[in-house]
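Understanding the architecture of this molecule
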Amino acid sequence: MSTTLPPNVLPYPDRQARPLRRTTDRPPADRPRRRVDDGTRTRHSVSLVIPAQNEARNIPWVFEQIPCCVDEVILVDGSSDDATLAVAEHALPTVRPLQQSAPGKGNALRTGFAAATGEYVVMMDADGSMWPGEIPHYLHFLDHGYDFVKGSRCIGGGGSLDLTRIRTLGNLALLAVVNRLYGARLTDLCYGFCAFRRSFLDQLDLRSAGFEIEAEMVAHALRSGLRIAEVPSLELPRRSGRSHLHAVSDGRRVLRTLIAERPGSRGAAAPVSRER
């Protein structure tokens, strides 16, 4: 599914040359919390896992955009000191709130994955940088035989309005590492909008506690021989608040993870059977 951009096309839009918000990303006041025009259906149940820490101002917009093909929404709270949980339960009374047992995005995601009941699991951030309306695209590829689907900001239809220069360079460097070590042809790496079959959760064998869990998921999916698809995704600026990402230190952890989990290393596992 990966495509290569022409040499003269930059993978990420210039932040200064484009508006920070789409004109349509603030729905009218009378818009329903679930989109009535969402015609996407899947034969499988879907769990959406969202880690959150102090995202009370962003949660209502995120929940409002969730399409009706999602059966279960799990919000994993990282000991927020604002009204994240109260706002989440008000915005979506059916949400399943959970508390993570230890700090870190990786711990939050693993907590949510363990509690998920859907046949498909989707993960995304709570800051409004990922549009839930893209979820049906991920489910389409799962429905058609893929095991792990990841968003890419670097293929046609994708992009980013939030990447800084240092994050762009870091992502490109880490992408080169994963493609070289794992024999892959991915176009994006450090982006946490993904979906996978829950039946492969054991094969993904997730152990990371921090942001590096996103790279660990991709590395283990590649190493285990899962069928992987990339779909275009547009990364928006976070709607409010400050990012919890630390580009340099988190980038180092991602690099260590990619090297430690590479095929042939002592922790490498044999490819899994793809028969179901």
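Now for a quick tour of the structure. Keep in mind the model is a prediction, meaning the values are calculated, not measured.

The rules behind these values
- Residues numbered from 1 in each chain as written.
- Predicted model: local features only at pLDDT ≥ 70, side-chain atom pairs only at ≥ 80, totals over all residues.
- Heavy atoms only, no water.
- Helix = DSSP H or I, 4+ residues; strand = E, 2+ residues; numbered from the N terminus.
- Buried < 20%, exposed > 50% of the residue type's maximum accessible area, 1.4 Å probe, protein only.
- Contact = heavy atoms within 4.5 Å.
- Pairing = 2+ DSSP bridges.
- Axes fitted to C-alpha atoms, helices over the stretch in contact; angles between N-to-C directions.
- Phe/Tyr/Trp six-rings, centres within 6.5 Å; stacked < 30°, edge-to-face > 60°.

**Section: the overall build of the protein chain**
For the protein chain, the count of helices and strands is 8 helices and 9 strands. A burial count over the protein chain gives 51% of its 276 residues as buried. Counting contacts in the protein chain only where the partners sit at least 6 residues apart, residues at least 24 apart contribute 80% of the total.

**Some details on the sheet that holds strand β5 (residues 148-152)**
Pairing between the strands of a sheet is mediated by backbone hydrogen bonds and can be parallel or antiparallel. Strands sit in the order β3-β2-β1-β4-β7-β5-β8 across an open sheet of 7 strands; the sheet is mixed. Of all strands in the sheet, those bounded by a partner on one side alone are β3 (96-99) and β8 (228-232). On average, each strand axis in the sheet is tilted by 20° relative to the strand beside it, whichever way the strands run. Contacting β1 (46-52), β2 (72-77), β3, β4 (120-123) and β7 (194-197), helix α3 (residues 105-115) runs over the sheet at an angle of about 155° to β1. Lying over the sheet, helix α7 (residues 213-223) contacts β4, β5, β7 and β8, oriented at roughly 130° with respect to β5.

**Remarks on the packing of aromatic side chains**
Two numbers describe a pair of aromatic rings. These are the distance of the centres and the angle of the planes. Applying the stated criterion across every chain, the model contains 4 aromatic pairs. Ring centres 5.2 Å apart and planes at 85° place the aromatic pair F113 and F196 in the edge-to-face group. With F113 in helix α3 and F196 in strand β7, this residue pair connects regions lying 83 residues apart in the sequence. Like F196, F113 is buried. The interplanar angle of 20° and the centroid separation of 4.5 Å between the aromatic rings of Y138 and F193 together place this pair among those described as stacked. Taken together, the residues span a long stretch of sequence, with Y138 in helix α4 (residues 135-143) and F193 in the loop between α5 (165-182) and β7 at a distance of 55 residues. Both residues of the pair, Y138 and F193, count as buried.

**Observations regarding α7**
Because an α-helix completes one turn every 3.6 residues, residues spaced three or four positions apart along the sequence face the same direction. Across the 11 residues of α7, 10 count as buried, placing the element largely inside the fold. Among the residues of α7, I213, E214, A215, E216, M217, V218, A219, H220, A221 and R223 are the ones counted as buried.

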